[in-house]
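Next come the chains, spelled out residue by residue.
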Amino acid sequence: MRKISRLIVLCSIIGVVIFCGLNVLNADEQQVHKKKYKIAYVMEKNIWIMNDDGSEKKQITKTNDVSILWGWSDDNKKLLYGTGKTEIDPGGNLIKGYKLWILKIDESSVIRIAEGFEVWNAKYINDNTIFFENKDESIWEVNINANQPEKLLGSTFLMPELSPDKKKMVCLEIPIIDVDYDLDDPVPPNKIYICDVKGVSKKLLYNDHKIMHPQWLTNDTIIFSKAIFKGEYDFIKNELFSINVYTKTKQSLVIKNFLPNHGTISPGLDKIAANWMGKGLGVGNLKTKIGKKIINNLVEEFIWSFDNERIVYISDKGEIWIIDWEGKNPKKLADKGKYPYCSK
């Protein structure tokens, strides 16, 4: 049961939103949104790169085996991706994961890393360091030069998030629930921990079986979502909360006209985007506490760009689009693709 619910959560997280500078036709807008980024994405099992206005599309792999893309290195010279496919057994356990690779774009060469591991999720921490989740759902760190993975966290934890100053991590622990779990028994709580970057010196911050998706708002503050139910099983909505990592003071984070669903904070730490309850995409301003729905149709994936101003998303038709965070200047970039990521 836990594995299945976790799979749904991670798949929703995989979803991708990138804010990129859009090179538009209007001369005034060109001054605001100059071409600054490349967007990498997967199409027909290969990696492609295009400009942030959709021009100069270029296929950069020809292996026909790329399954998922996890983003750019900080120096914009490498891409992290996976090949193969995942398999889930009837009990919801991951029995086969991806192989992990680094693509050096300028050299058109690839490096196999964490050989012997089958990976479920991965992300760059810096140019040379990667966190990945093994098929047993344990969290590992690997330096791509030494290529010797080191275990950070056990299989009850989701992928951790580094603080803005990169000195500590927040991690969510979800207890293992057996498939024969009795629904009349109490549900073990999820737990939010703060720890150092090696996964040790853990400090329990908060626990509740309805909490999800902790993220850093500042070096001192975490935000997370909590599911609100009527009775035991009738889900109503998600609510956002903030908590101070030192005092453990918790506060409700209310954003007017914003319905959160495990939102993702922008790189500038001042906005949050989330799938709208039902369908569509909403953005909330964390400073003004005002939000709005910016896309009405179903959004399959989304991620913020690193200029903090734009969102790249996958439409319900499988197209790649870009839009300002305020909902202005939508533009279709590609007729199809998935896992888009913007260079930094």
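Preceding this paragraph is the structure being described.
So, here's what we can say about the structure. (Residues numbered from 1 in each chain as written. Predicted model: local features only at pLDDT ≥ 70, side-chain atom pairs only at ≥ 80, totals over all residues. Heavy atoms only, no water.)

Glancing now at the pairing of strand E17 (residues 203–208). Note: strand E16 (residues 190–196) against E17, five bridges, orientation antiparallel. From the neighbouring strand, Ile194 faces E17, where its bridge partner is Lys203. Counting the residues between successive antiparallel strands, the hairpin from E16 to E17 contains six residues, one of them, Gly199, with a positive phi of roughly 80 degrees. (Pairing = 2+ DSSP bridges. Helix = DSSP H or I, 4+ residues; strand = E, 2+ residues; numbered from the N terminus.)

Take the packing of aromatic side chains next. Taken as a whole, this structure holds eight aromatic pairs when the rule is applied. Look at Phe117 and Phe132: their rings are 5.3 Å apart centre to centre, the planes differ by 75 degrees, and that puts the pair in the edge-to-face class. Taken as a pair, Phe117 in the loop between strand E9 (109–113) and strand E10 (119–126) and Phe132 in strand E11 (residues 129–134) lie far apart in primary sequence, 15 residues in all. We classify Phe117 as buried; its relative accessible area is 16%. Accessibility expressed as a relative area gives 0% for Phe132, which makes it buried. Aromatic rings pair up to connect Phe117, Phe132 and Trp140 into one cluster. For the cation-ring pair, Arg112 lies above Trp101, with the distance from its terminal atom to the ring centre recorded as 5.8 Å. (Phe/Tyr/Trp six-rings, centres within 6.5 Å; stacked < 30°, edge-to-face > 60°. Buried < 20%, exposed > 50% of the residue type's maximum accessible area, 1.4 Å probe, protein only. Lys NZ or Arg CZ within 6 Å of the ring centre and 35° of its normal.)

Next up on the list: the environment of Lys62. Take Lys62: it is sitting in the loop between strand E3 (58–59) and strand E4 (66–72). Taking relative accessible area as the criterion, Lys62 reaches 72% and is therefore assigned exposed. For the pair Lys62 and Trp48, spaced 14 residues apart in sequence, the C-alpha to C-alpha distance is 9.9 Å.

Purely geometric stuff here, so don't read any function into it on its own.
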